[in-house]
Every structure is written in structure tokens, then in C-alpha cells.
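Structural description and commentary
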Amino acid sequence: MIMIYMKKILTMLLVAVAVIPAWSVTDKEMDQARAIAAKYYLRWANNGSGYLDDVNPKSMAELNAKLKAKEKENIKAFNAVKMPAASEYAKWDKQKLADFWAGTAYQTPGLSAEGRGGRNKARKLIMEMKVSEPAKETPKETPKEEPKPEAVTAVESEEAVVADTIIGTMAEAGDAPAAGDEILKDQEQIEKDAAEATMKEPEQSHTWVYILVLAVLVGVVIWLVVYAANLMKRQPGSGDDEGESAELRAQAKKAIARKNEELEDMRKRLLAEENRSADLGAELEKLKLECKRAEDKITQLREENVMLRNNASMQQSKRRETSPVTPAAVAPAVQSAQVRQESVTVERKPAVTETKPSESVQAPILRVIYLGRANARGIFVRADRKINAGNTIYRLDTNDGLVGTFHVVDEPEVVDVALANPSEYLANGCVGEDLQDTLGVTRIITESAGTAIFENGYWKVLRKTKVRYE
């Protein structure tokens, strides 16, 4: 009979331990999740709603109080989302809450396609919410039944089976003899005390017996749990696996750190090479400009030389006409005059061709140079004759090679590079509103060109170009 009580109490303990609290959703948490989903729908539906990034609503009322006119109009479609019944979402966990507001709600007809893009951000924040824990349910105690007299033999056999099972379990753990003897002794003592109490006071309540048995069973269960935990800790390989996993994670972190250092070093070297290339390009442009000036000077000197020779020939001819000429000297004079005339004729021919470069110098020629990004000092890091994919950002037009105007190249490959990192590629050479807000931008429009000067072998920003996104 005592073993029957022990089995009932043990069953109650196991049921109580097996009760695991579940997480459920309250009305307040439902309203908070709805406000989060509505916020990111509005944010994606209107690119101009950047002020919502600083709003963290805990309820729909709080969100509605912060909305501007455009968002108040857009939220009407989201308010049409059909709300589930309170009895339904009270059974939800956090995952079902996120699936509804970041999935089902965003599929509601009437919502804009752009606004539906906010569902991933909404899901992330809803999964970070805290969901309330409901009260634990206390298992109901089953009514106790007194065994019939004719079932005593079966009860005694069940006692033996339970005792053998406990002893066998203890034996597998390694300490069966000692623990089993203690349990048997406790059981014998309990049975002996119960028999004496029954004989002496047959009408007395057995409540104290139940309390004593419960205390013994609780102690045994606690001891078994502690012993099982210690046994699992002593199992071979578990500690080694944890240590090996920690070592592997440490090695992976070190490898990632080394790779990051290598990438950073390569990035710095690439930047240095770009600066060096830009310096060489600027130096080349400077040398070309100096060469052009030298050619123009040579052409000018040649023209002056031809003019001086012509003037000298004319002066000699005048002297001969005024001086007396003897018949004997006529022939040599005529011959020398013919020779001089031929030399003048020969020298005059290149004079006509030499004047052409000077005319080309007077008419300014527009030259186009493609520049890379400008650094913090306003110096363009590279210069090319044609667009260099991945590096070219600006186009510079110059007539004299010293001063020119520049603007952002309106080509898809250039726009993609510039919008990928506006702080690096645009900030030092451009001005405009919200240069960092590149969401949905497809073009960069130049409203007014900037000015650059060639100084110390570099093209340098004098006045930034003004741009806007489209």
C-alpha cells in the first residue's frame, strides 16, 4: 500500500517537473508589434520619411502622434489589416507574432509594393521583443484510492518490481549496492512504522505517512538528478570537445583578424598606388603643357628669324641700288642678287607653314580630362584621358591646362561607384542635399559645374560642383 502512495506521489512530481512554461502574447505586446510593422511599412512606402528612423513607438497611439501628413495618408491602407481575435493571439509565441505582422499583414491587398519592403526590418525588431510569461498551471491531484484486500499480493509484487528497478538503475550508475541498501532500509523502516501505527491507532489519519514518503522521494529524485549531472560531466570526450571547439573558434578568430589586416594593408597599398598614379598623371600633364609652350616659343622664334632675314635682304638691295656699279661688277652683282632672291624664296616658304601653329595657339582647344575622387585636401587622386571604370568620377574641361570646370560623369558605371560610398567619392568634390541618402537613386544631376586649378603638378578643387540626386 505504501508503494502505491509512493508511485502516485512520484507521478505527481514528474508531472510537475514536466510542466514547461510557454510564452504567449498580450494585448499590449500585440499593439507594440503592430506599431513596429506599421512604422517600417511607412518608412519604405515614402523615401522622404527619414524622420521615422528616430521614432521607436511602443503602441499605435504613440506612432500616430509622430506622423506627418503623408504618412497619415499612407497608414490608412495598413490600418485595413484584419486583426485576429484576442483569444487567438493569446496562444501565440514570439515566432507566430513575427510571422503575422512581418508576413501575413504585409500581404494584405491595398498595401503599396514599396512599403512591403520593410517586412524584414519589422521581423527583426519584433523577434527582439519580450513576450510575457503566463502563470503556471498547478497539476490537479488525483483522488487517492484504497487498495482492496484481495489486491495485497499484487501490491507486494509491484513493490518488489519498483525496488528492483531502482536498485538496477543505481547499479548501472556505479553506486548500486550502497544506495540500494539505503533505499531498502528506508522502505523497511517506513513499512515497519506504518504497520505499528496501524495496529496502535487504526482510526488515525495517514497524512504524516504521506509527508514522510514525499520527503524521502524528493530527496531521492534530487540525488539522482545531481548524480546524473555529475556523471555526464565525467563522460570522456565532453570536456575535450568543448575545449577543442573553443580552440577552433579562437583559431578562426585569429585567422579572420589576419585576413582583415591583410585586406586593410592591401587597401592602403592600393590607395598609395592610386595617389602615386595620380601624381604621375599630373606630372605628365605638366610636362605636356611645358612641351607645348616650348613648341609655341620655337615657332615664334622661327617666324622672327625669317622676318629679320627678309629685312636684312631688303636693306642690302637698297644699298646696292644707291651705290655706283661698274660694268665689271654688274654680272657678279646680278648673280649674287639672284642667289639672295632664291635664298629669300626658299626661306619664305617655311615661313608660311610655320605660321599655322601660332594660329592654332591663338584659337583655344578644349581638352577633356577624366578625374578620380578628391581627397580631404581637395586634390584629385588620378587623371585619365578616358573613363577608367571603377576610378573615374568627374570630367574636367580646360582650354589652357591650368584652370578648368568639372562635373560628375553621368554614366551608369560611374554613378554606381559614386553612390556606393558618397562619403569617399562625392563629399570632397560636391555639395548637395542629403548626399548620404542614396536609397532609390539612379542618376546624379550636376546643377552647376565646379572649378579646379592645376597647381604643383595636381588638379585641385577651387569650387565644388553642385549636384542633386534623381
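Let's shift gears to the overall build of the protein. Secondary structure assignment for the protein yields 14 helices and nine strands. Across the 470 residues in the protein, those meeting the buried criterion constitute 29%. Of the roughly 30700 Å² of accessible surface on the protein, 57% is carried by carbon and sulfur atoms.

Moving on to a nonpolar patch on the surface. There is a patch of nonpolar side chains on the surface, built from Leu214, Val218, Ile222 and Val226 and spanning about 300 Å² of accessible area. As for its placement among the helices and strands, Ile222 is situated in helix H10 (residues 207-234).

The next thing to look at is the pattern of salt bridges. Two side chains with opposite charge may pair up if their charged atoms get near one another. In this structure the tally under the stated criterion is 16 salt bridges. In this structure, the salt-bridge partner of Lys292 is Asp296, at a minimum N-O distance of 3.1 Å. Taken together, the positions of Lys292 and Asp296, both in helix H11 (residues 238-322) and four residues apart, correspond to about one turn of that helix. With a relative accessible area of 38%, Lys292 lands in the partly exposed category. A residue is classified by how much of its surface remains accessible, and Asp296, at 22% relative accessible area, is partly exposed. Each member of the salt-bridge network shares a partner with another, and the members are Asp410, Arg443, Glu447, Lys466, Arg468 and Glu470.

By the secondary structure assignment, Met60 is in helix H3 (residues 60-66). Judged by relative accessible area, which is 6%, Met60 ranks as buried. Remark: the alpha-carbon pair of Met60 and Lys39, spanning 21 residues in sequence, is separated by 9.2 Å. With residues near it in sequence (within four places) discarded, Met60 still touches Asp31, Arg34, Ala35, Ala38, Ile75 and Asn79.

Core analysis: the biggest nonpolar cluster contains 32 residues, and Met30, Ile75, Phe78, Leu97, Trp101 and Ile126 have the highest contact counts within it. Of all the elements in the fold, those that place two or more residues in this core are helix H2 (27-45), H3, helix H4 (69-78), helix H6 (94-104) and helix H7 (119-127). Ranked by residue count, the leading element in this core is H2, at nine residues. Those residues in contact with Leu97, other than ones at most four positions away along the chain, are Val25, Glu29, Met30, Ala33, Trp92, Ile126 and Met129. Residues Val409, Val414, Val415 and Val441 belong to the second largest nonpolar core, which totals 29 residues.

Taken in spatial order, the three strands make up an open sheet running S5-S9-S6, and their pairing is mixed. Every other strand in the sheet has two partners, leaving strand S5 (430-431) and strand S6 (444-448) as the edge strands with one partner each. The pairing of S5 with strand S9 (residues 465-469) spans two bridges and is parallel. Its bridge partner lying in S9, Val431 is registered against Lys466.

What follows deals with the confidence of the model for the protein. Residue-level pLDDT values for the protein average 76, and 68% of them are 70 or greater. Confidence drops under a pLDDT of 50 for residues 336-363, and excluding neighbours within four residues, the segment shows 17 contacts in the predicted structure.

Here we take up the packing of aromatic side chains. Counting across every chain of the model gives 11 aromatic pairs. A ring pair is formed by Phe78 and Tyr106, whose centres lie 6.2 Å apart and whose planes are at 70°; its orientation type is edge-to-face. In this pair, Phe78 is assigned in helix H4 and Tyr106 in the loop between H6 and H7, connecting sequence segments 28 residues apart. The buried category is assigned to Phe78, whose relative accessible area is 1%. With a relative accessible area of 0%, Tyr106 lands in the buried category. Ring centres of Phe380 and Phe406 lie 5.3 Å apart, and the angle between their planes is 75°; on these two criteria the pair is classed as edge-to-face.

A word on the sheet that holds strand S3 (residues 394-398). The six strands lie next to each other as S2-S1-S3-S4-S7-S8, forming an open sheet whose pairing is antiparallel. Each edge of the open sheet is held by one strand with a lone partner, namely strand S2 (383-384) and strand S8 (458-463). Inspection of the sheet shows strand S4 (residues 403-408) paired to strand S7 (residues 450-455) by four bridges, in the antiparallel sense. Opposite Phe406, over in S7, you have Gly450 as the bridge partner.

A separate point is the environment of Val368. Topologically, Val368 is positioned in strand S1 (residues 367-371). Through-space distance from the C-alpha of Val368 to that of Gly401 is 9.8 Å; in sequence the pair is 33 residues apart. When residues no more than four places from it in sequence are discounted, the contact partners of Val368 are Arg385, Arg395, Leu396 and Asp397.

About the cut-offs
- Residues numbered from 1 in each chain as written.
- Predicted model: local features only at pLDDT ≥ 70, side-chain atom pairs only at ≥ 80, totals over all residues.
- Heavy atoms only, no water.
- Helix = DSSP H or I, 4+ residues; strand = E, 2+ residues; numbered from the N terminus.
- Buried < 20%, exposed > 50% of the residue type's maximum accessible area, 1.4 Å probe, protein only.
- Areas by Shrake-Rupley, 256 points an atom, 1.4 Å probe, with all protein chains shown as cover.
- Patch = residues over 30% accessible without salt bridge, like charges linked within 9 Å, V, L, I, M, F, W, Y side chains within 5 Å.
- Salt bridge = Lys/Arg side-chain N within 4 Å of Asp/Glu carboxyl O.
- Contact = heavy atoms within 4.5 Å.
- Core = buried A, V, L, I, M, F, W, Y, C linked by side-chain atoms within 4.5 Å.
- Pairing = 2+ DSSP bridges.
- pLDDT = per-residue confidence, 0-100.
- Phe/Tyr/Trp six-rings, centres within 6.5 Å; stacked < 30°, edge-to-face > 60°.

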